[in-house]
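Structure assessment
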Amino acid sequence: MTFQKLPRHAFVLFSAAAFLVAFLPASAQQAQNLSQSTSWMNQALSPDERADLLLQQLTLDEKIQLVHGTGWGVSFPGLPLPARSNLGVGYTQGIDRLGIPDINFADSAVGVRHGALQSRYSTLLPSTLGLAASWDLQAANLYGSVIGRELRDQGFNMSIGGGVDLAREPRNGRTWEYAGEDPVLAGSIVGNLAKGVQSQKVMGDIKHYALNDQETGRNAFNILIDKRAMRESDLLAFQIAIGIANPAGVMCSYNKMYGDWACENDYLLNQVLKNEFGFKGWVLSDWGGTHSTVKAAKNGLDMEQPEDRYFGVLLKAAVESGEVPQARLDDMVHRILRSMFAVGVIDYPPMPRRVVDPFRGLEDAQQIAEESIVLLKNEALLPLSPARSKSIAVIGSHADVGVLSGGGSAQVDPPGGNAIDPKPGSAAWQVPVYFPSSPLKYIRKKAPSAKVDYNDGKDPAAAAAFAKSYDIAIVFVNQYMSEGRDNETLTLPDNQDALVRAVAAANPHTIVVLETGSTISMPWLADVKAILAAWYPGIGGAQAISNILFGDVNPSAKLPVSFAKAEADLPHPRIPGMDLILKANSEHRPPWVPLPPLDVNYIEGAKVGYKWFEAENKQPLFPFGFGLSYTTYGYSGLKVDDQQRQVTFSVKNTGSRSGAEIAQVYVQLPTAAGESYKRLVAWERIPLAAGESKTVTLPLNPLYMSIFDEKKDAFSLLPGDYKILVGPSSHETPLTAPLHVHE
Ligand code: BGC
């Protein structure tokens, strides 16, 4: 652990050496104000008991101060910044006289944002979609702990990240910030990520609650979806993630659900999140996502961010008039204080001005990237052998200098500025940013005696002429995505399909490396020999990509999203509202002019991703759970234990290289469930030496096999005959066995 407990005698020393105080972080100064004898500092008490004791001390004004932000601050240049803000995206002022720390919030979905503002360095991790492709819960924990560690080092005590909205719409501009299309996989990955953040004694959050599955019209659209479907899809992902992490915060989203804004939605916030999931932390609004005082307060919102428009004087007046009960305000504050105690930000305040360790960050980012890169196709070309690759043409996507990252509030500032257009300072909104991790450099390192050259790929014909004379051509293609807008299509932008086609026609040994935020269509699939999906691979991306290309790392990742052949195969061939946005753009209306209210009907319901393809009998380009390796695996010996509800099977590495296989367990529910698709219920990442075989036993969690019964308003495990399917992907399940659930 990298956090440091402040020893009690330190307070005495500090007060004796008054000059030191000037160099103490605000939170430590506040902690200093605590009397040793204050009852709520007794760590033997529970977080709830401590919060209640502290709550009794607060005046009405102080309570109100804790439930709102203090302005848009760093989000827009020129706005006033609160004196003690740590210059993250949000700041809520604490109560000095009682030692309640300020809350300094930092956007930190894939690394800590806004570093350049204060010459801070933050590690850029691979996209969380990439993390999900590792299917590795330990890697998720590591990912979160890197974020938590660097937040502490920079003096923040709250992380804003943990996106777990499902990849219902693969063109969603934030798909790369989420963890794929399956609720069990996404919930488990993001839950472990947030747990990792909180392991560093930094408060974590999970967002955007709920159903914010597209960016188009995110401030205007009203989601329509069956209750059962929503509980078995997006809300299940939240339920799992929240259950694993016990996060301090849940951020409610911008959209409406059944006519009510998510941040004042009684069903979502009170009934489901707080009562059913038992969420003990606080609900904070997405930035500017609060729409009322009384309704929001009563329906479950606990904190307005980043302003005090509704939860400042208006909330105070509503409490004084009795429109919002005092007990409700106390509940809001209790939730905030108990989370501070539970996570440890009062007992172990962060120590800012420590230097982030970029080398440790790089090592962790690279390790996660190596587990996240999916080998989609390989016609006996990979891994490359330096001896047989005498000349390599590297083409496109600025692979000479960097790797692409995603945009919006999850954008991390690159050290030294954008690798393709060096500009110091914070990354600009929706401008593609390349990180200084050069694939060309690392490919050269792997093949030191080969001729390795670069062509920018802007002109397909010139790139093809260039590629012709090399033994191998590696084309890097990219798909930029950002918060605040969706991609209109699955097609690669900037004529890159033509680039791949032209190079593949000129060079029979063409490899394509995808740097994409989500899935793409591949009209050139049959023309190329190998394809790697590297997502946005982070600051260790170039090393990870070249380690996989040359076989130093055997790829093990599997797809957390299905690749569709074309938009026509998606539930919404055209993104609802996209045409309204395009019209607004053509009229040069600024994007913040609200769209008219728009109903978005999630007709696919719980059939998200592979479930949709299976139920509709459509063939994806690449199925969920798919990924190749440089070795091969065999599955055998499935046994299902009806009583214990667990499955046992063996996986053997039948090839000649060591590797790790992600073995997946799916279940088909009894006919009474009315489901024409299978569900992922368990998996294991199994490291195997060449020739090695392992037997694993995995539990079948009843929640993942249950249906949401709307009549009972509860999950219910139906009695009847289930079918268990085990294998390497959602499309290949060589082992099957029945499972019977008795009445
Ligand atoms: C995003 C959130 C983000 C917040 C603060 C919003 O626009 O939806 O994910 O945390 O801004 O930057």
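Located above this text is the structure these notes cover.
Residues numbered from 1 in each chain as written. Predicted model: local features only at pLDDT ≥ 70, side-chain atom pairs only at ≥ 80, totals over all residues. Heavy atoms only, no water.

**Here's the deal with the sheet that holds strand S8 (residues 260-261)**
Selection criterion: Here the rule is simple: two strands pair whenever DSSP picks up at least two bridges between them. Only DSSP runs of H or I reaching four residues or more are called helices, and only runs of E reaching two or more are called strands; each is numbered from the N terminus.
The sheet built from four strands is open, its strands ordered S8-S7-S5-S18 with mixed pairing. Across the chains shown, the open sheet's two edge strands, defined by having one partner strand only, are S8 and strand S18 (598-601). Here strand S5 (residues 221-224) pairs with strand S7 (residues 256-257) via two bridges, running parallel. When the bridges of S7 are listed, Asn-222 appears paired with Lys-256.

**A word on the pairing of strand S26 (residues 720-727)**
Note the following rule: For every residue, the accessible area obtained with a 1.4 Å probe (protein chains only) is divided by the maximum for its type, and the residue is called buried under 20%, exposed over 50%, and partly exposed between those limits.
When you tally the buried positions in S26, you get six out of eight residues, the bulk of the element. Sheet topology note: the strand S21 (residues 659-668)/S26 ladder contains five bridges and is antiparallel. When the bridges of S26 are listed, Tyr-666 appears paired with Leu-725. Where S26 meets strand S27 (residues 735-741), seven bridges bridge the pair, whose relative direction is antiparallel. Bridge pairing in S27 links Ile-724 to Ala-737.

**Here we look at unusual backbone geometry**
Here the amide bond leading from Lys-207 into His-208 is cis, since omega sits at -15 degrees, within 30 degrees of zero. Tracing the backbone through its elements, the reader meets His-208 in strand S4 (residues 205-209). The backbone phi angle of Trp-135 is positive, close to 50 degrees, even though this residue is not glycine. Its relative accessible area of 1% is what places Trp-135 among the buried residues. For Tyr-258, which is not glycine, the phi torsion reads 45 degrees and is therefore positive. Here Tyr-258 shows up in the loop between S7 and S8.

**Regarding the state of the cysteines**
As a reminder, the rule being used: Two cysteine sulfurs form what is called a disulfide whenever their separation falls within 2.5 Å.
On inspection of all chains with the given rule, the structure shows one disulfide. What pairs with Cys-252 in a disulfide is Cys-263, and their sulfur atoms sit 2.1 Å apart. Handedness of the Cys-252-Cys-263 disulfide follows from its S-S torsion of about 110 degrees: it is right-handed. In this pair, Cys-252 is assigned in strand S6 (residues 249-252) and Cys-263 in the loop between S8 and helix H11 (266-276), connecting sequence segments 11 residues apart. Like Cys-263, Cys-252 is buried.

**Points about the environment of Leu-725**
Quick reminder of the rule: The contact criterion used throughout is that any non-hydrogen atoms of two residues lie within 4.5 Å.
By the element assignment, Leu-725 lies in strand S26. Sequence separation of Leu-725 and Leu-236 is 489 residues, and the distance between their C-alpha atoms is 21 Å. Residues in contact with Leu-725, not counting those within four places in the same chain, are Gln-664, Val-665, Tyr-666, Val-667, Gln-668, Lys-678, Thr-733, Leu-735 and Thr-736.

**Considerations on the packing of helix H16 (residues 439-446) against helix H19 (residues 541-549)**
Keep this limit in mind: Fitted lines through C-alpha atoms serve as axes, helices being fitted only where they are in contact, and the angles separating the N-to-C directions of these axes extend from 0 to 180 degrees. Reported orientations rely on four angle classes, namely roughly parallel under 35 degrees, roughly antiparallel over 145, roughly perpendicular from 65 to 115, and oblique for the rest. If you view the pair so one helix is near and one far, a crossing is left-handed when the near helix is turned anticlockwise from the far one by less than a right angle, and right-handed when it is turned clockwise. Only Asp, Glu, Lys and Arg are considered charged, only Ala, Val, Leu, Ile, Met, Phe, Trp, Tyr, Cys and Pro nonpolar, and every remaining residue, Gly among them, polar.
The N-to-C vectors of H16 and H19 enclose an angle of 40 degrees; their axes lie 8 Å apart at closest approach. When the axes of H16 and H19 are compared, the pair comes out oblique. H19 is crossed by H16, and the crossing has right-handed handedness. Residue-level contacts link Pro-439, Tyr-442, Ile-443 and Lys-446 of H16 to Ala-542, Gln-543, Ser-546, Asn-547 and Leu-549 of H19. Of the residues in the contact of H16 with H19, the class split is five nonpolar, three polar and one charged.

**Some points on the packing of helix H4 (residues 47-55) against helix H14 (residues 326-343)**
It is the contact of H4 with H14, at a shortest axis distance of 8 Å, that shows an interaxial angle of 125 degrees. Considering the angle they form, H4 stands oblique to H14. Note that H4 runs across H14; the crossing there is right-handed. For the pair H4 and H14, the contacting residues are Pro-47, Asp-48, Arg-50, Ala-51, Asp-52, Leu-54 and Leu-55 in the first and Asp-330, Val-333, His-334, Leu-337, Arg-338, Phe-341 and Ala-342 in the second. Partitioned by chemical class, the residues of the contact of H4 with H14 number eight nonpolar, one polar and five charged.

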